[in-house]
Amino acid sequence: MRVHEEGPLPFTEEQMRQIYQTNLIDFAVGNGFEIEKSDRATVHVKNNGGLYLFKHGRGYYSFTEKKGGDIIDFAVNYLGLKRLEAMEFILGSRAYEQTAHVIPPAEKPQRGTLVLPPRDTDDRRVFAYLTQTRKIDPEIVQAMMKQAKVYQSRQEIGGKVRRNCAFVGYDSTGAPRYCALRGPSADSRFRQDMENSDKTYGFLMEGKSSRVYEFEAPIDAMSHATLYKLRGYDWRKDYRISEGCLSDKALRRFLEQHPEVNEIVFCYDNDTDGKLADGTPHNHGQVRAEEAKRHFQSLGYKAAIQTPAEKDFNKVLTSLYEQPGQVQQSMAGDEEEGVER
């Protein structure tokens, strides 16, 4: 019997071998995940942002989370299971009987209509999570909830009730086109995009100026607005848009629909501990920000980068409550390009 850090696990060596020899791609597909063609080494998991499975079937990497893992980690993080439950579930699936990946990646079908997850009877858990754990200003959270861009979803999956933060992006007619779900607790790593979500429609905080700030995640956009409010600025003045990943697809659509906007500030994460799949150090967010800045400048936009002093703007915000009086030094940016106000 194999011994775990927290005590003995009820598995034989043979069962442990079967768990780790389970092909992750077939296991994922068998549990409702859809995969798309990617590159020589990986396949992309549809509706899960930057989640990629290695074609050898022995692991995954998430560019959104900036980390990867094995099949047990996958079951824990993406099926919401505890570690022991995950191991039992993998054995019960009997996917280990196939050691070679046999399910071909699905071609991208035509996107269907997005169906938002049902709204819970109240938003209390999500409101508390965003304002108390994430320290986002209550006025900002209430404004987003009033616009139905943030709410508490309630779904029954596998006999369990799951409540999550739902972040919604709409088209110009007011129809929902994108919805991202995130677990409403500090230790939750659950995140998933709803089926038929279109990431070209980002989570948008409306503004009135000719400037848009772009972020990887809705929580960072709201955190940035909170930081500006703390500094005495009108948080409603400028636009803020979230991509839900390291992309500029939502920004491009936004710019097409808002010709008055001529200034872009890229506010991607500061991944100082980031690494490529081979272990090479790589600041994913800031490298992408530099690339995006150069590209949009070539298109005639005034573009700049605002780099969070911490990993992301929510961490900047929460750190302020640990070190009061640091608001004025909370953000570093291209001051000469008019970012700081």
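Below is a short write-up of the structure. Only a predicted model underlies this, so the values are computations on that prediction, with no experimental measurement involved. (Residues numbered from 1 in each chain as written. Predicted model: local features only at pLDDT ≥ 70, side-chain atom pairs only at ≥ 80, totals over all residues. Heavy atoms only, no water.)

Here's the deal with the packing of helix α7 (residues 218-230) against helix α10 (residues 313-320)
Next, step 1: Where α7 contacts α10, the axes come no closer than 8 Å and their chain directions differ by 45°. Between α7 and α10, the angle is such that the two are oblique. Judged by the sense of rotation from one axis to the other, the crossing of α7 with α10 is left-handed. Judged by residue contacts, Ile-219, Asp-220, Ser-223, His-224, Thr-226, Leu-227 and Leu-230 of α7 engage Phe-313, Asn-314, Val-316, Leu-317 and Leu-320 from α10. (Axes fitted to C-alpha atoms, helices over the stretch in contact; angles between N-to-C directions. Helix = DSSP H or I, 4+ residues; strand = E, 2+ residues; numbered from the N terminus. Parallel < 35°, antiparallel > 145°, perpendicular 65-115°, else oblique. Left-handed = near helix turned anticlockwise from the far one by under 90°. Contact = heavy atoms within 4.5 Å.)

Quick notes on the sheet that holds strand β6 (residues 60-62)
Next, step 1: Ordered in space as β3-β4-β5-β6-β7, the 5 strands form an open sheet in which the pairing is antiparallel. Both outer strands of the open sheet, β3 (35-37) and β7 (67-69), are each paired with one neighbouring strand and no more. Ignoring which end each strand starts from, the neighbouring axes of this sheet average 30° apart.
Next, step 2: As defined by bridge partners, strand β5 (residues 51-54) adjoins β6 across 3 bridges and the pair is classed as antiparallel. From the neighbouring strand, Leu-53 faces β6, where its bridge partner is Tyr-60.
Next, step 3: Lying over the sheet, helix α3 (residues 71-79) contacts β5, β6 and β7, oriented at roughly 40° with respect to β6. (Pairing = 2+ DSSP bridges.)

Function-wise, these values are silent; they only describe arrangement.
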